[in-house]
Amino acid sequence: MVKTLHVATVIISISLFALRGYWRIQGSDRMQQRWVKIVPHLNDTILLTTAVILAVQMQQYPFVHHWLSAKVIALLIYIFLGMAVIKWAPTHQLRWVFYLLALSTFVYIISVAMTKTPLGVFVFL
């Protein structure tokens, strides 16, 4: 059940980021809606909580198991890139660059989770 909730919150998280990032790039007023400022943070709190529970249940910990370390580092990069899109990037072009880099980083994180190797998607090259 924890894994199902974790996967569901991952899907919700990336969906909300993709939507919010697109709205930010387009300069949409929708970014000012109350739910847009609250729901992603609630979802990501559940996501992080389930991630910790799964790590404990599986007895796999960052900086002990390389694939999980890669996920944590990539997650920090993803968060930084997402913040750049939503808050910091001063130009339309930079927002697009950070948006695409964030989405690419997300794909890498998912590939690491699925392959259980730090190479993630690159294991197939």
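Up top you'll find the structure we're talking about.
Values in this document were obtained by computation on a predicted structure and should not be read as measured data.

## Observations concerning the overall build of the protein
Step number 1: When helices and strands are counted, the protein shows 4 helices and 0 strands.
Step number 2: Going residue by residue from the N terminus, the α and β elements of the protein occur as α-α-α-α.
Step number 3: The C-alpha atoms of the protein give a radius of gyration of 15 Å, which matches the 14 Å a tight globule of 125 residues would have.
Step number 4: Its C-alpha atoms give the protein principal-axis dimensions of roughly 45 × 35 × 20 Å.
Step number 5: Sorting the 125 residues of the protein into buried and exposed places 34% on the buried side.
Step number 6: Restricting to contacts in the protein with at least 6 residues of sequence separation, those with at least 24 account for 61%.

## Considerations on the layout of surface pockets
Step number 1: Quantified by volume, the largest pocket comes out at close to 1,400 Å³.
Step number 2: Every residue lining the largest pocket is counted, 44 residues in all, and those nearest its centre are V10, S13, D44, L47 and L75.
Step number 3: For the lining of the largest pocket, the secondary structure elements donating two or more residues are α1 (2-26), α2 (34-58), α3 (66-88) and α4 (92-115).
Step number 4: Among the elements that make up the lining of the largest pocket, the one with the highest residue count is α2 (14 residues).
Step number 5: Split into classes, the residues belonging to the lining of the largest pocket amount to 30 nonpolar, 7 polar and 7 charged.

## Re the packing of α3 against α4
Step number 1: Contact pair α3 / α4: the axes reach a minimum separation of 9 Å and the direction vectors enclose 160°. The angle between the axes of α3 and α4 places the two elements in the roughly antiparallel class. For α3 against α4, the interelement crossing comes out left-handed. Across from W67, A70, K71, A74, L75, I77, Y78, L81, G82, A84 and V85 in α3, the residues of α4 making contact are R95, F98, Y99, L101, A102, T105, F106, Y108, I109, V112 and A113.
Step number 2: A breakdown of the residues in the contact of α3 with α4 according to their chemical character gives 18 nonpolar, 2 polar and 2 charged.

## Description of α1
Note on helix geometry: an α-helix contains 3.6 residues per turn, so any two residues three or four positions apart are oriented the same way.
Step number 1: Between its first and last C-alpha atoms α1 spans 36 Å; for 25 residues at 1.5 Å apiece the expected length is 36 Å, and the two agree.
Step number 2: Taken residue by residue, α1 has H6, T9, V10, S13, I14, L16, F17, R20, G21, W23 and I25 as its buried positions.
Step number 3: Residues of α1 that are buried in the fold lie against α2, α3 and α4.
Step number 4: Of the residues trailing α1, G27 is marked for its positive phi of about 70°.

## Regarding α4
Step number 1: Here α4 contains 24 residues, and its C-alpha end-to-end distance of 35 Å stays within 8% of the 34 Å for a straight helix at 1.5 Å per residue.
Step number 2: Buried residues along α4 sit in contact with α1 and α3.
Step number 3: Following α4 by one or two positions, K116 has its phi on the positive side, about 55°.

Criteria and cut-off values
- Residues numbered from 1 in each chain as written.
- Predicted model: local features only at pLDDT ≥ 70, side-chain atom pairs only at ≥ 80, totals over all residues.
- Heavy atoms only, no water.
- Helix = DSSP H or I, 4+ residues; strand = E, 2+ residues; numbered from the N terminus.
- Rg over C-alpha atoms; globule rule 2.2 N^0.38 Å.
- Buried < 20%, exposed > 50% of the residue type's maximum accessible area, 1.4 Å probe, protein only.
- Contact = heavy atoms within 4.5 Å.
- 1 Å grid on protein atoms, 1.4 Å probe; cavity = no way out; pocket = protein on both sides within 12 Å on 5 of 7 lines; lining within 4 Å.
- Points joined across faces, edges and corners; volume = space filled by probe spheres on them.
- Nonpolar A, V, L, I, M, F, W, Y, C, P; charged D, E, K, R; others polar.
- Axes fitted to C-alpha atoms, helices over the stretch in contact; angles between N-to-C directions.
- Parallel < 35°, antiparallel > 145°, perpendicular 65-115°, else oblique.
- Left-handed = near helix turned anticlockwise from the far one by under 90°.
- Expected span 1.5 Å × (residues − 1).

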